[in-house]
Amino acid sequence: MYREWQHAFKMDPAKDISDEAIETLCDSGTDAIIIGGSQDITLDGVLDMLSRVRRYSVPCVLEVSTLESITPGFDGYLIPSVLNSTSSEWIVGLHRRALEQYGGLMDWDELLLEGYCILNPDCTAAKLTKADTSLTESEVESIAMMAGQLWKMPVFYLEYSGMFGDVNVLKTVKNALRHSETRLFYGGGIRTPEQAEQVAQYADTVIVGNICHEDPELALQTVQAVKQCKNN
Ligand code: 1GP
């Protein structure tokens, strides 16, 4: 189903959001709600948000960041691997340990591997995963080729969490993935419909996060901006 996503909201279970805002965003015409975050993610927080989003028909997936917060009930599970991490822990380490524990119980069809490249040095995810954010554009291009052509990952996620990214880098990544089946996800700092539209020209899926919590009405406008750009 992820192959059809043009727009998704990412809601952080550790951040406040009202029931009205959840209703507005779930009924907005977005293609999916991703529940995920990188700090203070608890099972209680995930369950609370899942139950509030589940009232609506929009697909709801969990982006797994800690083993303790995994719970059944989602339409799917996104598994990040941070390709520009300087620690193998965030590329394959946690994954291996998860499988040692849960490998026998997995429904493999529900899982989606995301090859992340995190480029905002100030974001929590970059610090946590020890990402090398000093990469040149051509180094990012090589990582995208590795994910797309060599490893044939289903998703390459260009992540600028909290900061609007470099559209030239996005364009280069799109080009690097052109001969692969890999879908390009972009997320980071989208605060206006114009920014959403700019990114939608290159990213297959545009992900809007923080602003869901800060200004849901503005977040809502990004759906139409992306849909219009994609359907023109
Ligand atoms: C975060 O890519 C998402 O993982 C979205 O980023 O919160 O900056 O919109 P923002």
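Here, the structure is the one placed above.
A brief structural summary. Quantities reported herein were computed from a predicted structural model and do not represent experimental measurements.

The rules behind each value
Residues numbered from 1 in each chain as written. Predicted model: local features only at pLDDT ≥ 70, side-chain atom pairs only at ≥ 80, totals over all residues. Heavy atoms only, no water. Pairing = 2+ DSSP bridges. Helix = DSSP H or I, 4+ residues; strand = E, 2+ residues; numbered from the N terminus. Axes fitted to C-alpha atoms, helices over the stretch in contact; angles between N-to-C directions. Salt bridge = Lys/Arg side-chain N within 4 Å of Asp/Glu carboxyl O. Buried < 20%, exposed > 50% of the residue type's maximum accessible area, 1.4 Å probe, protein only. Near = heavy atom within 4 Å. Polar contact = N/O pair within 3.5 Å; in protein donor to acceptor, adjacent residues only side chain to side chain. Areas by Shrake-Rupley, 256 points an atom, 1.4 Å probe, with all protein chains shown as cover. Nonpolar A, V, L, I, M, F, W, Y, C, P; charged D, E, K, R; others polar. Phe/Tyr/Trp six-rings, centres within 6.5 Å; stacked < 30°, edge-to-face > 60°. Arc of directions from axis to C-beta. Contact = heavy atoms within 4.5 Å.

Concerning the sheet that holds strand β4 (residues 76–82)
Part 1: Pairing in this closed barrel of 8 strands is parallel, and the strands run β1-β2-β3-β4-β5-β6-β7-β8 around the ring. Strand-to-strand twist in this sheet, taken as the mean axis angle between neighbours without regard to direction, amounts to 30 degrees.
Part 2: In this sheet, strand β3 (residues 60–63) lies alongside strand β2 (residues 32–35) in parallel orientation, the contact comprising 3 bridges. Among the inter-strand pairings, isoleucine 34 is bridged to a residue of β3, identified as valine 61.

A word on the pattern of salt bridges
Part 1: For the coordinates displayed, the defined rule picks out 11 salt bridges.
Part 2: Linking lysine 15 and aspartate 12 is a salt bridge whose minimum nitrogen-to-oxygen distance equals 4.0 Å.
Part 3: Given the relative accessible area of 36%, lysine 15 is considered partly exposed.
Part 4: On the basis of relative accessible area, aspartate 12 is assigned to the buried category, the value being 11%.
Part 5: With a closest N to O distance of 2.7 Å, aspartate 31 and lysine 227 form a salt bridge. Of this pair, aspartate 31 sits in the loop between α1 (19–26) and β2 while lysine 227 sits in helix α9 (residues 216–231), placing them 196 residues apart in sequence.

Focus on the site of the ligand
Part 1: Lining the immediate surroundings of the ligand are Lys10, Tyr157, Glu159, Ser161, Gly162, Gly187, Gly188, Gly189, Gly209 and Asn210.
Part 2: One of the side-chain nitrogen or oxygen atoms of tyrosine 157 is found 2.7 Å away from an oxygen atom of the ligand.
Part 3: Separating an oxygen atom of the ligand from a backbone N or O atom of glycine 188 is a distance of 3.3 Å.
Part 4: Compared with its free state, where it exposes 300 Å², the ligand has 92% of that area covered by protein.
Part 5: Tallied by class, the residues present in the shell around the ligand amount to 1 nonpolar, 7 polar and 2 charged.

Some thoughts on the packing of aromatic side chains
Part 1: Counted under the stated rule, the structure contains 6 aromatic pairs.
Part 2: Measuring from centroid to centroid gives 4.2 Å for tyrosine 116 and tyrosine 157, while their planes differ by 15 degrees, and the two rings are stacked. Residue tyrosine 116 is located in strand β5 (residues 111–118), and its partner tyrosine 157 is located in strand β6 (residues 155–159); the two are separated by 41 residues in the primary sequence.
Part 3: Between the aromatic rings of tyrosine 157 and phenylalanine 185, the centroid separation amounts to 6.0 Å while the plane-to-plane angle is 65 degrees, which identifies the pairing as edge-to-face. Pair noted here: tyrosine 157 is in strand β6 and phenylalanine 185 is in strand β7 (residues 183–187), with a separation of 28 residues, a long-range link.
Part 4: Feature note: the residues Trp5, Tyr116, Tyr157 and Phe185 constitute an aromatic cluster, connected by ring pairs.

Some remarks on α1
Part 1: Every buried residue belonging to α1 is among Ala21, Ile22, Leu25 and Cys26, and all of these are buried. Around the axis of α1, the buried residues are gathered within 125 degrees of arc, so they sit on the same side.
Part 2: Elements in contact with the buried residues of α1: β1 (7–11), β2, α2 (43–53), α8 (211–214) and α9.

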